[in-house]
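# Understanding the architecture of this molecule
Listed below, chain by chain, are the residues.
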Amino acid sequence: MSSDSMSPITSRRIRKAVFPVAGFGTRFLPVTKTVPKEMLPIIDKPLIQYAVDEAIEAGCDTLIFITNRYKHAIADYFDKAYELEHKLEKSGKTEMLELVRNVLPDGVRAIFVTQAEALGLGHAVLCAKAVVGDEPFAVMLPDDLIWSRGPGALAQMADVAERDGSSVIAVQQVPREQTASYGIVATDAFSDRCGRITGIVEKPEPDVAPSTLAVVGRYVLDPRIFALLETTKPGKGGEIQLTDAIAALLAERTVNAYRFEGTRFDCGTHLGLIEATIRFALDHEVLSEHARRSMQAALDELGVEDLP
Ligand code: UTP
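Description of the structure in this document. Small disclaimer: the values here were computed from a predicted structure and weren't measured. (Residues numbered from 1 in each chain as written. Predicted model: local features only at pLDDT ≥ 70, side-chain atom pairs only at ≥ 80, totals over all residues. Heavy atoms only, no water.)

### Some thoughts on the overall build of the chain
Under the convention used in this document: Comment: elements are numbered from the N terminus, with helices defined as DSSP H or I runs of at least four residues and strands as E runs of at least two. When accessible area is computed with a 1.4 Å probe and restricted to protein chains, residues below 20% of their type maximum are described as buried, those above 50% as exposed, and intermediate ones as partly exposed. For the accessible areas, the method is Shrake-Rupley and the probe is 1.4 Å, while residue cover comes only from the protein chains on display. All tallies of charge rest on Lys and Arg as positive and Asp and Glu as negative; His and the ends of each chain are not included. By convention, the point assigned to a charge is CZ for Arg, NZ for Lys, CD for Glu and CG for Asp.
Looking only at helices and strands, the chain features twelve helices and 13 strands. Taken along the three principal axes of its C-alpha coordinates, the chain extends 65 × 50 × 35 Å. Residues classed as buried in the chain amount to 46% of the 308 residues present. Total accessible area on the chain stands at roughly 15,800 Å², and carbon and sulfur atoms take up 53% of it. Once the 33 positive and 44 negative side-chain charges of the chain are each reduced to a mean point, those two points are 3 Å apart.

### A few points about the packing of aromatic side chains
Heads up, the rule is: Ring geometry is summarised as follows: Phe, Tyr and Trp rings, the Trp one being its six-membered ring, pair when their centres sit within 6.5 Å, and such pairs are stacked at plane angles under 30 degrees, edge-to-face over 60 and tilted between the two. A positively charged side chain is recorded as over a ring if its NZ (Lys) or CZ (Arg) lies within 6 Å of the ring centre. The angle to the ring normal must also be within 35 degrees.
For the coordinates displayed, the defined rule picks out seven aromatic pairs. Positioned above the aromatic ring of Trp-147, the side-chain terminus of Arg-279 is 4.8 Å from the ring centre.

### Details of the side chain of Asp-144
How we decide: Contacts were defined at the residue level, with two residues in contact if any of their heavy atoms lie within 4.5 Å.
Within the element layout of this structure, Asp-144 appears in strand S7 (residues 144–147). Since its relative accessible area comes to 6%, Asp-144 is described here as buried. The residues touching Asp-144, leaving out its near neighbours within four places in the chain, are Val-216, Gly-217, Arg-218, Arg-264, Phe-265 and Asp-266.

### Some remarks on helix H2 (residues 47–57)
Counting buried residues in H2 gives eight out of eleven residues, a clear majority hidden from the surface. Buried within H2 we find Leu-47, Ile-48, Gln-49, Tyr-50, Ala-51, Val-52, Glu-54 and Ala-55. Of the residues flanking the end of H2, it is Gly-59, one or two places downstream, whose phi is positive at about 110°.

### Some points on the site of the ligand
Applicable threshold: The criterion for a residue being near a molecule or strand is simple. One of its heavy atoms has to lie within 4 Å of it. Each polar contact in these results corresponds to two N or O atoms within 3.5 Å; when the atoms are within protein, one needs to be able to donate a hydrogen and the other to accept it, and residues that are neighboring in sequence are counted only if both atoms are side-chain atoms. Grid spacing is 1 Å over the protein atoms alone, the probe is 1.4 Å, and a cavity is where that probe fits but cannot get out, while a pocket is an open set with protein on both sides within 12 Å along at least five of seven lines and lining residues have an atom within 4 Å of a point. To qualify as sitting in a cavity or pocket, a molecule needs more than half of its atoms within 2 Å of the grid points.
The environment of the ligand is formed by 17 residues, the closest being Pro-20, Thr-26, Arg-27, Lys-37 and Gln-115. Residue Arg-27 places a main-chain N or O atom 2.8 Å away from an oxygen atom belonging to the ligand. Look at the ligand: alone it shows 570 Å² of surface, and the protein chains cover 82% of it. Taking a 2 Å distance to the grid points as the criterion, the majority of the atoms of the ligand fall inside the largest pocket.

### Some thoughts on the pairing of strand S11 (residues 213–221)
Each regular strand displays side chains that alternate between the two surfaces of the sheet. As a reminder, the rule being used: Only strands that DSSP links by at least two bridges are regarded as paired with each other.
Counting buried positions along S11 yields nine of nine residues, so the element is predominantly enclosed. Here strand S6 (residues 137–140) pairs with S11 via four bridges, running antiparallel. Of the residues in S11, the one forming a bridge with Phe-137 is Leu-221. Where strand S8 (residues 167–173) lies against S11, five bridges are found, and the strand directions are antiparallel. For Gln-173, the partnering residue across the bridge sits in S11 and is Leu-213.

### Observations regarding the packing of helix H11 (residues 270–282) against helix H12 (residues 288–301)
Applied cut-off: The angle between two axes is taken between their N-to-C directions and runs from 0 to 180 degrees, where each axis is a line fitted to C-alpha atoms and a helix contributes only its stretch in contact. Put simply, angles under 35 degrees are roughly parallel, angles over 145 are roughly antiparallel, angles from 65 to 115 are roughly perpendicular, and the rest are oblique.
Two elements in contact, H11 and H12, have axes separated by 7 Å at closest approach and are oriented at 130°. On the basis of their axis angle, the class for H11 and H12 is oblique. Residues Ile-278, Ala-281 and Leu-282 of H11 touch H12, and the partners they reach there are Ser-288, Ala-291, Arg-292 and Met-295.

### Focus on the pattern of salt bridges
Going by this rule: In what follows, salt bridge is the name for a side-chain nitrogen of Lys or Arg lying within 4 Å of a carboxyl oxygen of Asp or Glu.
Scanning the model with the defined rule gives 23 salt bridges in all. When the shortest N-O distance is used, the salt bridge between Glu-162 and Arg-13 registers 3.1 Å. With Glu-162 in helix H8 (residues 153–164) and Arg-13 in the loop between helix H1 (3–6) and strand S1 (16–20), this pair connects stretches of sequence that are 149 residues apart. Its relative accessible area of 31% is what places Glu-162 among the partly exposed residues. Taking relative accessible area as the criterion, Arg-13 reaches 27% and is therefore assigned partly exposed. Residues Arg-149 and Asp-283 are paired through a salt bridge, measuring 3.7 Å at the closest nitrogen-oxygen approach. Remark: Asp-283 occurs in the loop between H11 and H12 and Arg-149 occurs in the loop between S7 and H8; sequence separation between them is 134 residues. Within the structure, one salt-bridge network assembled from shared partners comprises Arg-15, Lys-16, Asp-61 and Glu-135.

### Side note on a nonpolar patch on the surface
For clarity, the cut-off: Candidate patch residues must exceed 30% relative accessible area and have no salt bridge, after which like charges are joined if within 9 Å and Val, Leu, Ile, Met, Phe, Trp or Tyr side chains if within 5 Å.
Together, Ile-43, Val-286 and Leu-287 give the surface a local cluster of nonpolar side chains, amounting to about 230 Å² of exposed area. Considering the arrangement of structural elements, one finds Val-286 in the loop between H11 and H12. On the basis of relative accessible area, Val-286 is assigned to the exposed category, the value being 59%.

Laid out in structure tokens, this is it:
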């Protein structure tokens, strides 16, 4: 392969973020019968809001939600709430009014695209093709919540993508026994949190996994991915996998793995959602003290002295 074919096609800053939210969220049944997983709250904000805030902080002004007919709640949430805003305004509740209005700040637009059939994450991303066009873009999976004191994970990745003109995928180390739950990458040596990806495989068993570096739900992708997705056949689980299209992209473009700064909670699982709630409560400027005491009281009541 010529070095030309690996060179960046562009070094533009990302402006568009795709949120594939058309899955069924079966791990959270029965609540997900009517409440989309992405609308589950950590304290008082739904998971989707944390991801949207992270995208906006990274510089995105166009948010593309890939939804389905059961997920009206997400579109409703980002819609203007005229009556509520009027009531808050009349009663002088300006702080709350700001909260409601800032769900989607001025200058940021939300676009909803339907994925008629849940054919897989790769297929969901492909549904965004016409809206994204020919520019690098982000993909964010809202159930991966990333808590960070400094710049958000996507802002960190957008900087790297812009600097190197590469695609960038967030990764973190996982225990080897968990590789079958993730996309796993093989990379060149890391320098400054970045390592060029040389291979990627969806949910490999621990004995064949090329490493223990797992893909987390944040991607900055070259638009070339759309053409590759169009020819990607169903893979693991019979679904059109984003991982398989990324594997094809590796032959044509530079794709970097990026070890983000921050703590990731897998809020697609019960435990991850609980852990995130605890962390955000302990870090909350108003709730922290009470949360700490309640946790201690619960441990005392249950007779738990020291956790192993
Ligand atoms: P998951 O594997 O987490 O599936 O999808 P899920 O349906 O959300 O949850 P479980 O496993 O049944 O509990 C990863 C991401 O890809 C999206 C999901 O919404 C989630 O954000 N997705 C998946 C789609 O948008 N469309 C699909 O066809 C599949």
